[in-house]
Amino acid sequence: MGDHILKVGFIGAGKVGCSLGDYFRHNGIPVVGYISRTQAKAGGAALEQRRYIDTIDKLLTICDVLFLTVPDDAISAVWEQVKHFPIEGKFICHCSGSLSSAVLSGIWETGAYGYSIHPMFPFKSKETAYDDLKKALFTVEGDEEHREEIEELLRSCHNPVVGIRMEDKAAYHAAAVFASNLMVGLMRESVKLLEQCGFDREEALAALKPLAESNLSNIFEVGPEAALTGPVERHDIQTVKKHLGVLNGKEKDTYIALTEEILEIAQDRHPEISYADMKQVLEEEK
């Protein structure tokens, strides 16, 4: 970037757009404005800074980097509008975790540089706290020739930045889903089982919170393999059989699939123990 500070604009003023814009501005990156379907929807960051822009061409004249922070299924349509303006030398970015820069079809013909920039972070509202977002890792995928410039912009916020390949986007996003969205499903199953035992919802969540938080803390301190505890790790086949006896349908399917995963960890940690009998029990319950 040299001495030139890249100016950033956004099409889309939802949770991601407003949170990122606030965060960039907090870290000294100029945010020149937003385009939203209505000025009222621009909300938060856009209105506070009085930088609602009414047309794409106006926004493009004052920004170097344009973020398309719209829903995934709208990125292609918005790009089709943007690509017809003079955008040579500009950085066009979207923030989808699953879509690659390929969604910006034909960008090389415009002279612009296309990127998929994804913060591995759950945006809960337009007012995402700076202290939260500063912990996020950003992945960057796209035009190799100018990627260092866009990575430098992100690193100026002191976030870790990792470049990934286009063909790895789906696996990358699946990894994020395992650690976030699917965990929500697991916790819901835990709550439902406790409710069957007589807990109300609040009691169930209160009971699970220290267990889940302690386990997650241990995972990130020593790694998932070393953090494994419980009946599988100690080869307690009778307890696993009891679990399988009270589970049904998709609950049992989920339990079996994840138990097979941690069986591999247990076997690696304890090569002197044969887990073949436990594997057989799981196979018979499928």
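Right above here is the structure, for reference.
Residues numbered from 1 in each chain as written. Predicted model: local features only at pLDDT ≥ 70, side-chain atom pairs only at ≥ 80, totals over all residues. Heavy atoms only, no water.

Peer 1: What's the story with the packing of aromatic side chains in this structure? I'm lost.
Peer 2: We describe a pair of aromatic rings using the distance from one ring centre to the other and the angle between the two ring planes. Considering all chains together, one arrives at seven aromatic pairs under this definition. Each ring, one from F10 and one from Y34, has its centre 5.1 Å from the other, and the planes form 15°; the classification is stacked. Taken together, the residues span a long stretch of sequence, with F10 in strand β1 (residues 8-11) and Y34 in strand β2 (residues 31-35) at a distance of 24 residues. You can call F10 buried: its relative accessible area is 0%. The exposure class assigned to Y34 is buried, which follows from its relative accessible area of 1%. (Phe/Tyr/Trp six-rings, centres within 6.5 Å; stacked < 30°, edge-to-face > 60°. Helix = DSSP H or I, 4+ residues; strand = E, 2+ residues; numbered from the N terminus. Buried < 20%, exposed > 50% of the residue type's maximum accessible area, 1.4 Å probe, protein only.)

Peer 1: When you look at the nonpolar core in this model, what are you seeing that I'm missing?
Peer 2: The nonpolar side chains of soluble globular proteins are, as a tendency, buried together. In this structure, F24, V65, F67, I117 and I150 are the most contacted members of the largest nonpolar core, which totals 30 residues. Looking at this core element by element, the count peaks at four residues for helix α1 (residues 15-26). Counting residues in hydrophobic clusters, the runner-up holds 21 residues, among them V32, L59, L68 and W79. (Core = buried A, V, L, I, M, F, W, Y, C linked by side-chain atoms within 4.5 Å.)

Peer 1: Hey, could you run me through the sheet that holds strand β6 (residues 138-142) in this one?
Peer 2: In any sheet, the strands associate via hydrogen bonds between backbone groups, in a parallel or an antiparallel arrangement. Ordered in space as β2-β1-β3-β4-β5-β6-β7, the seven strands form an open sheet in which the pairing is mixed. The outermost strands of the open sheet, each flanked by one partner alone, are β2 and β7 (161-163). Between one strand axis and the next, the sheet turns through 25° on average, direction left out of account. In the sheet, β1 pairs with β2 via four bridges, with the strands oriented parallel. By the bridge assignment, G9 is partnered in β2 with G33. Relative to β6, helix α6 (residues 147-155) is tilted by about 165°, and along the sheet it contacts β1, β3 (65-68), β4 (91-94), β5 (113-119), β6 and β7. (Pairing = 2+ DSSP bridges. Axes fitted to C-alpha atoms, helices over the stretch in contact; angles between N-to-C directions. Contact = heavy atoms within 4.5 Å.)

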